[in-house]
Amino acid sequence: KKLLFVVLTVFSVIFIGACGKSKIDKKEVIEKFIAASENMKSGDMLINMKMVQNLNGNKTNMDMTIDASIIQEPLAMKMEIGIPSQNVKMKTFIKDNIMYIQNPVDNQWFTQPITDEIAKQFKGYMNNSNEVFNAMKENVDKIDIDEKDGNYIITISKNSDFLQEAMKKQLANTNTAQVGNDVKIENIAVKYVIDKNTYLASSSLISFDFEMQGMKISMEMDTKTSNINNVSDIVVPEEAKNAQPVPAN
């Protein structure tokens, strides 16, 4: 259950997982980008995440990599989470309504049925940017868009109050993040690199500061997306197929 919680929590962050001026119809670009993002059915993602945790002046750095391939219908996924500083790698697969989780301590595989509720959560995280997207539509004038190398560069700089509120609402919509009025989200900056032909994001960079219950976390997440709508199958390793059910405790 703890491993499942980690996987779901990562997803809740992954899929929130977002120059100069030129004569660009910003409203049109943003609307087409959002429409293309919402219609994304599959893809490969490579995410590099950097976090600095500050608790009472004691700072802890943690870097994390996430290598994932996802198909939305029917839900299938393979994901490897790596924490280089701890020499930890955690692999997870989902296919045919079964989740396969590898314990990073002893590399033993466990299985857990995917209920309709859990499947809905995963799909929700993949499309969980509604609050952010809605805020972008309503604040076009506060967004910069430029053109470079056949791409649109969409940039939202720090101190954008509308983005901070949208991010807070987005996190509050996930059942793994206990976000209340005491939570502060500041210094959000977002950058999307959008293909001018498909309006799909080939990369995104998001950074923000998060404070809750005396703990401060600074996070930066760099995501590269490829093979969009071209992932046709997820292959589960044989050793995972023979795994035992997840222990009760």
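Report follows, based on the coordinates. (Residues numbered from 1 in each chain as written. Predicted model: local features only at pLDDT ≥ 70, side-chain atom pairs only at ≥ 80, totals over all residues. Heavy atoms only, no water.)

**Here we look at unusual backbone geometry**
No. 1: Geometrically, the link from Glu-73 to Pro-74 is a cis peptide bond, its omega value of -15 degrees lying close to zero.
No. 2: Among the structural elements, Pro-74 can be located in the loop between β2 (58-71) and β3 (76-83). (Helix = DSSP H or I, 4+ residues; strand = E, 2+ residues; numbered from the N terminus.)

**Looking at the nonpolar core**
No. 1: Formed by 54 residues in total, the largest nonpolar core has its most connected members in Phe-33, Met-136, Ile-154 and Tyr-192.
No. 2: Phe-93, Trp-109, Val-231 and Ala-243 belong to the second largest nonpolar core, which has 10 residues in total. (Core = buried A, V, L, I, M, F, W, Y, C linked by side-chain atoms within 4.5 Å. Buried < 20%, exposed > 50% of the residue type's maximum accessible area, 1.4 Å probe, protein only.)

**Here we look at the pairing of strand β6 (residues 109-113)**
No. 1: Of all five residues in β6, four are buried, a share of seventy percent or more.
No. 2: Alignment of strand β5 (residues 98-102) against β6, held across five bridges, turns out to be antiparallel. From the neighbouring strand, Gln-102 faces β6, where its bridge partner is Trp-109.
No. 3: Between the antiparallel neighbours β5 and β6 lie six residues, among them Asn-107 with a positive phi of about 65 degrees.
No. 4: Judged from the two bridges that link them, β6 and strand β12 (residues 244-245) form a sheet pairing that is parallel. Note on β12: the bridge partner recorded for Phe-110 is Gln-244. (Pairing = 2+ DSSP bridges.)

**Overview of the packing of aromatic side chains**
No. 1: In total, this model carries three aromatic pairs according to the counting rule given.
No. 2: Relative to Tyr-192, the ring of Phe-33 has its centre 4.8 Å away and its plane inclined at 55 degrees; by these criteria the two rings are tilted. Here the residue Phe-33 occupies a position in helix α2 (residues 26-38), and Tyr-192 occupies one in strand β9 (residues 184-195), the gap between them amounting to 159 residues. The exposure classification of Phe-33 matches that of Tyr-192, with both residues buried.
No. 3: Aromatic side chains Tyr-152 and Tyr-199 sit 6.0 Å apart centroid to centroid with 25 degrees between the ring planes, which places their arrangement in the stacked category. Placement of the pair is Tyr-152 in strand β8 (residues 151-156) and Tyr-199 in the loop between β9 and β10 (201-212), with a sequence separation of 47 residues. (Phe/Tyr/Trp six-rings, centres within 6.5 Å; stacked < 30°, edge-to-face > 60°.)

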